[in-house]
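Observations on the three-dimensional arrangement
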Amino acid sequence: MNTDYEVLIVGGGPAGLAAGLYSARARRRTLLLERGIHGGQIATAGPVENYPGFPDGIEGPELAERMLQQAIKFGMEIEYAPVSGIKLEGGLKVLSTDYGEYPAPAVILAGGSDYIKLGVPGEAELTGKGVSYCATCDGAFFKDQEVAVVGGGNSALDEGLFLTKFVSRLTVIHRRDQLRAEKILQERAFAHPKVRFIWDTAAEEVLGRDQVTGLRLRNLKTGLRSDLPCQGLFVYIGHRPNTVYLKDLVELDEQGFIITDAVMGTGVAGLYAAGDIRHDSARQLATAAGDGVTAAIEAEHYLTELAARQGGLTPKALAPGR
Amino acid sequence: MAQPVEVGDKDFEQRVLQSALPVLVDFWAPWCGPCRMVAPIVAELAGEYEGRVDFTKLNVDDNPRVAATYGIRSIPTLLIFKGGKPVRQVVGFQPKAQLKKHLEEALV
């Protein structure tokens, strides 16, 4: 295994891939570690309409693939391994994975976040049997059926509107009486003949034995319960970062997101966080990419200063020809 | 290296249910992004488990009967069959190490 990297990036979503592109172009030996699919959340997204430069939109997986190829073209390497730990050894940060340890002076944490499950009875048992977290993957299985979406943000409406291509009726269930989603998505959803909303309501249980048959709902204002018959349930109630392994090293907020300064610093020299994993993130594709770029530039500054302090002997200078 | 073999409604009985070896079926569709990313991992595993497990893939668009029989409503879904019966179901993308664990447990 090559352990001679200068920049390690944890997570291959837009933040990590943008960071990888910049680090590779700075001619730093750069390795990105991805636990699953490169592209992060856009790997399972439908058409991306809000990333500048694509007036007709671009499919999420295609954009992910292009971002990866662009970074690889300039020399970034990628390995598919989940990172489960980090420790500081001298000036190095050492990441542990199932396949061994990776040390480097600079590390960019861009692991993003996982979707939050409802955590109600029936959800786990019926996942893959009507409960889904990916409309673009599973929407086509619900042709002419009644489907519910739980959530009120961009993902809920974006994916919900995608589902209208297939389903006979879409019911959006939201805890509050207004949505967080972009206004343009709200306009489309409100105007769509297949879409209706149930406000101030939470899903308490997913009903069904072998397949989803409905949802038990509770109105949060009146406390009244009701059952909504449906064959599918798509859950988009937000995300939680995967930062448990970082809690002793960097400052996290109550939900586990990493607190950074304005240039992605975590407080540990040479350790940066970028994208949705950050407390201040706007959780958008473009801001994640921007975070990644900022982090890579800061990492570059750090490596340059480190080399100056060590008398100009950078790892790069020791290994010419790379 | 062994590559997953396409199976469908017509030959599912013969290739999967009557197989002497355990069979992994990768339910996929061309429009499913994560399916495209699972495919190379499944192909690698097909090589590693050659002679122990048959690897197949089934396009759910072209073969709705099998997909409906097993209640597939989410892809990618991997089903592992032993003696004609599904013994394990893996829904959604999972890293290679996780898939190996499922295979090993199913093989016991």
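What counts, and where the lines are drawn
Residues numbered from 1 in each chain as written. Chains lettered and ligands numbered in written order. Predicted model: local features only at pLDDT ≥ 70, side-chain atom pairs only at ≥ 80, totals over all residues. Heavy atoms only, no water. Helix = DSSP H or I, 4+ residues; strand = E, 2+ residues; numbered from the N terminus. Rg over C-alpha atoms; globule rule 2.2 N^0.38 Å. Buried < 20%, exposed > 50% of the residue type's maximum accessible area, 1.4 Å probe, protein only. Contact = heavy atoms within 4.5 Å. Salt bridge = Lys/Arg side-chain N within 4 Å of Asp/Glu carboxyl O. Buried area = accessible area lost by both parts, 1.4 Å probe. Phe/Tyr/Trp six-rings, centres within 6.5 Å; stacked < 30°, edge-to-face > 60°. Pairing = 2+ DSSP bridges. Axes fitted to C-alpha atoms, helices over the stretch in contact; angles between N-to-C directions. Domains from an automatic or database assignment. Polar contact = N/O pair within 3.5 Å; in protein donor to acceptor, adjacent residues only side chain to side chain. Nonpolar A, V, L, I, M, F, W, Y, C, P; charged D, E, K, R; others polar.

**Digging into the overall build of chain A**
- When helices and strands are tallied, chain A shows seven helices and 20 strands.
- Here chain A has a C-alpha radius of gyration of 22 Å; the compact-globule value for 322 residues is 20 Å, and the two agree.
- The C-alpha extent of chain A, read off along each of the three principal axes, is 70 × 40 × 35 Å.
- Looking at the 322 residues of chain A, the share that counts as buried comes to 51%.
- Long-range contacts, defined here as pairs at least 24 residues apart, represent 60% of the contacts in chain A between residues at least 6 apart.

**What to know about unusual backbone geometry**
- Look at the link from Ile75 of chain B to Pro76 of chain B: it is a cis peptide, with omega at 0°.
- Examined against the element boundaries, Pro76 of chain B turns out to sit in the loop between helix H3 (64-69) and strand E4 (77-82).
- A positive phi angle, close to 55°, is found at Asp200 of chain A, a residue other than glycine.
- Mapped onto the elements, Asp200 of chain A comes out in the loop between strand E14 (195-198) and strand E15 (201-207).

**Section: the pattern of salt bridges**
Residue and element names in this part refer to chain A.
- Tallied over the full model, the rule gives 22 salt bridges over all chains.
- For Arg169, the salt bridge goes to Glu146, with nearest N and O atoms at 3.5 Å. Taken together, the positions of Arg169 in strand E13 (residues 169-173) and Glu146 in strand E12 (residues 146-150) put the pair 23 residues apart, joining distant regions of the chain.
- Ionic pairing is found between Arg278 and Asp291, a salt bridge with its closest N-O pair at 2.8 Å. Here Arg278, found in the loop between strand E20 (271-273) and helix H6 (285-309), pairs with Asp291, found in helix H6; they are 13 residues apart in sequence, far enough to count as distant. Assigned by exposure class, Arg278 and Asp291 land together as buried.

**Details of the interface of chain B and chain A**
- Contact residues are listed per partner, giving 17 residues for chain B and 22 residues for chain A.
- Both faces considered, chain B and chain A share a buried interface measuring about 1,600 Å² in area, 62% of it formed by carbon and sulfur atoms.
- Looking only at chain B, the three residues that lose the most surface to chain A are Trp31, Met37 and Arg73 of chain B, adding up to 45% of its buried area.
- The interface formed by chain B and chain A holds zero salt bridges in total.

**Some remarks on the packing of aromatic side chains**
- In this structure the tally under the stated criterion is twelve aromatic pairs over all chains.
- A ring pair is formed by Phe141 of chain A and Trp31 of chain B, whose centres lie 6.4 Å apart and whose planes are at 65°; its orientation type is edge-to-face. Taken together, the positions of Phe141 of chain A in the loop between helix H3 (135-138) and E12 and Trp31 of chain B in the loop between strand E2 (23-28) and helix H2 (33-48) put the pair across two chains.
- The buried category is assigned to Phe141 of chain A, whose relative accessible area is 16%.
- For the pair Phe142 of chain A and Phe234 of chain A, a centre-to-centre distance of 5.4 Å together with 75° between the ring planes defines the contact as edge-to-face. In this pair, Phe142 of chain A is assigned in the loop between H3 and E12 and Phe234 of chain A in strand E18 (residues 232-235), connecting sequence segments 92 residues apart.
- Judged by its relative accessible area of 0%, Phe142 of chain A is buried.

**Some details on the pairing of strand E16 (residues 214-219) of chain A**
Residue and element names in this part refer to chain A.
- Pairing between E15 and E16: six bridges, direction antiparallel. Across the sheet, the residue bridging to Leu207 is Gly214, located in E16.
- Where E15 folds back on E16, the antiparallel hairpin that results is connected by six residues, among which Gly208 adopts a positive phi of roughly 130°.
- Examined bridge by bridge, E16 and strand E17 (residues 225-229) share five bridges and lie antiparallel to one another. Within E17, the residue paired with Leu217 across the bridge is Ser226.
- Between E16 and E17, which pair antiparallel one after the other, the connecting turn spans five residues, and Gly223 there sits at a positive phi close to 80°.

**Some points on the sheet that holds E17 of chain A**
All names here are of chain A.
- Sheet architecture is open: three strands sit in the order E15-E16-E17, paired in antiparallel fashion. A strand with exactly one partner marks an edge of an open sheet, and here the two such strands are E15 and E17. The average undirected angle you get between the axes of adjacent strands in this sheet is 30°.

**Digging into the sheet that holds E20 of chain A**
Residue and element names in this part refer to chain A.
- Within the open sheet, the five strands sit side by side as E5-E2-E1-E9-E20. Their pairing is parallel. On the outer flanks of this sheet lie strand E5 (77-80) and E20, each paired with one strand and no other. For this sheet, the mean angle separating the axes of adjacent strands, direction not counted, is 20°.
- Sheet topology places strand E2 (residues 30-34) next to E5; four bridges connect them, and they run parallel.

**Concerning the domain arrangement of chain A**
All names here are of chain A.
- Entries for chain A in the domain assignment read domain 1 (7-115 + 239-318) and domain 2 (131-235).
- Put simply, the middle of domain 1 and the middle of domain 2, counted by C-alpha atoms, are 33 Å apart.
- At the interface, seven residues of domain 1 touch seven residues of domain 2.
- Its largest share of buried area at the contact with domain 2, domain 1 owes to Thr44, Glu49 and Tyr115, together 56% of the area lost on that side.
- Linking domain 1 to domain 2 there are one salt bridge.
- Salt-bridge contacts for Glu49 lead to Arg188; the nearest nitrogen and oxygen are separated by 3.2 Å.
- If you look at where domain 1 meets domain 2, you find one residue pair in polar contact (both at pLDDT 80 or more).
- Considering only residue class, the side of domain 1 that touches domain 2 consists of two nonpolar, four polar and one charged.

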